[in-house]
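Commentary on secondary and tertiary structure
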Amino acid sequence: MKANLKTLFAIIISGTVLLVACDSNKKNSSTAATGTEEGHNHTFSCPMHPEVTGKEGDTCPKCGMKLEHNDHAGAANSTVYFMDFNTNPKNVAPGQEVTLSMIPKIKGKETEQVPLKEDHTKKIHLIVVSDDLSYFDHIHPEYDAAGSYKVKTKFPAGGKYTLFADFKPTGGNAAVDKLNVSVSGSAPAAKNYTADKLTGSSANGFSVTLTPEGGKFETKSPMHIAGTVKQNGNAVDPAVLEDYLGAKAHMVVVSLNEKEYLHVHPSVENGKFDLHTTFEKPGVHRGWIQFQSKGKVHTVDFVMNVKEGKGTSNEDASMQNMKH
């Protein structure tokens, strides 16, 4: 039992790891079940949060994704990926079409090309939020012949915007680069978020209600959050929704003060979305869940006031992860 707990502890306390493919041919069914091959121990890490590691079958306490095979843990902890980013035109005005251009780079090896792996049907997921988190967009730059990734968009008003470029280099760790755009003109009065907003609606009568396990949002402990979907007041099983970007839904969570970013892929359990995440810091968080029905993408937004939690011990968190 102690050996199993040591493996699970790595989910909570390990450092960043490299996510690459390796030879997964198994010599027999016994080695496949134990995650070893002729004495070689396989390591698994989260494709979205490579600092989370564990054993085969575990899920990430931050986003709920299954850990993926990775036999080179720690081999490239020092590799830092970023986006060489610019806008055209350089000076961005409200309501003006602007081309966002970015090229993935390695810090210290800027001349090297960085091919990207397709993740959830796209090579880059670009999340755009205004400084007060009242505005949200999820767009996808596409590769062009010049070697950059580009997408056209418009910013609705003046002020500061944060862009999260979410991408996965081939043979490297998943990465998120936080980019900034300043739009000319005065920003509208910032919205204040005092109370939770746990039920949101979209077109065609859809609504989603979030219910956190334990009744409140707290830091430091892996959480399960149920998402109840309704259309015109009637319950909808998310399993009948169309796949959107390779999943039944995508949820982005951004903290108001630090602009910390989470990208969560909820599973479907008992006729509801089941979201797994861990909040690192207290404060106001905005969330947006996106799903597709009859070819239309629906976006539902939330406000979550996260309180400081007492935390969960490594052993408790590991056992909770094992149960789920």
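Residues numbered from 1 in each chain as written. Predicted model: local features only at pLDDT ≥ 70, side-chain atom pairs only at ≥ 80, totals over all residues. Heavy atoms only, no water.

1. Section: the nonpolar core
Just so we agree on the cut-off: By convention a nonpolar core is built from buried Ala, Val, Leu, Ile, Met, Phe, Trp, Tyr and Cys residues, the set being connected through side-chain atoms within 4.5 Å. For every residue, the accessible area obtained with a 1.4 Å probe (protein chains only) is divided by the maximum for its type, and the residue is called buried under 20%, exposed over 50%, and partly exposed between those limits. Helical segments are the DSSP runs of H or I of at least four residues, strand segments are the runs of E of at least two, and each set is numbered from the N terminus. Two residues qualify as a contact provided that any one of their heavy atoms is within 4.5 Å of a heavy atom in the partner residue.
Of all hydrophobic cores here, the largest spans 25 residues; its most connected members are Leu 100, Met 102, Leu 126, Phe 155, Leu 163 and Phe 167. Broken down by secondary-structure element, the contributors of at least two residues to this core are strand 6 (81-88), strand 7 (97-106), strand 8 (124-130), strand 11 (149-154), strand 12 (159-167) and strand 13 (175-183). Excluding residues within four positions of it along the chain, Met 102 makes contact with Met 83, Asp 84, Phe 85, Ile 124, Leu 126, Pro 141, Ser 148, Tyr 149, Ala 165 and Leu 179. One finds Leu 210, Phe 217, Phe 291 and Val 306 within the second-largest nonpolar core, a separate group that totals 23 residues.

2. With respect to the sheet that holds strand 10 (residues 142-143)
Note the following rule: If DSSP finds at least two bridges between two strands, the strands pair.
One open sheet holds the four strands; their spatial order is 6-7-11-10, and the pairing between them is antiparallel. The strands lining the two open edges of the sheet, one partner per strand, are strand 6 and strand 10.

3. Here we look at the pairing of strand 22 (residues 283-293)
Among the 11 residues in strand 22, 10 count as buried, and that is most of the element. In this sheet, strand 22 lies alongside strand 18 (residues 250-255) in antiparallel orientation, the contact comprising six bridges. Along strand 22, the bridge assignment pairs Val 253 with Gly 287. Where strand 22 lies against strand 23 (residues 296-306), 11 bridges are found, and the strand directions are antiparallel. Across the sheet, residue Phe 291 finds its bridge partner in strand 23, namely His 298. In textbook terms, the turn of a hairpin is the stretch between consecutive antiparallel strands, and for strand 22 and strand 23 this stretch comprises two residues, one of which, Lys 294, has a positive phi near 55°.

4. Things to note about the confidence of the model for the protein chain
Going by this rule: Residue-level confidence of the predictor, termed pLDDT, takes values from 0 up to 100.
On average, residues of the protein chain score 83 in pLDDT, and 75% of them are at 70 or above. Counting contacts from residues 313-324, a segment whose pLDDT is below 50, to residues more than four positions away or on other chains yields 25 contacts.

5. Some details on the pattern of salt bridges
Side-chain pairs of opposite charge can arise where the charged atoms are in close proximity. Inclusion rule: Salt bridges are defined by distance alone: a side-chain nitrogen of Lys or Arg within 4 Å of a carboxyl oxygen of Asp or Glu.
Counting across every chain of the model gives nine salt bridges. Linking Lys 197 and Asp 301 is a salt bridge whose minimum nitrogen-to-oxygen distance equals 3.0 Å. Taken as a pair, Lys 197 in the loop between strand 13 and strand 14 (199-201) and Asp 301 in strand 23 lie far apart in primary sequence, 104 residues in all. Several salt bridges converge on common partners, so that one network encompasses Lys 197, Arg 286 and Asp 301.

6. A look at unusual backbone geometry
That bond from Asn 88 to Pro 89 is cis: its omega, 5°, falls within 30 degrees of zero. Along the polypeptide, Pro 89 turns up in the loop between strand 6 and strand 7. The phi dihedral of Asn 232 falls on the positive side, at around 55°, and the residue is not glycine. Tracing the backbone shows Asn 232 in the loop between strand 16 (223-231) and strand 17 (234-236). Among the residues examined, Asn 232 registers a relative accessible area of 59% and is labelled exposed.

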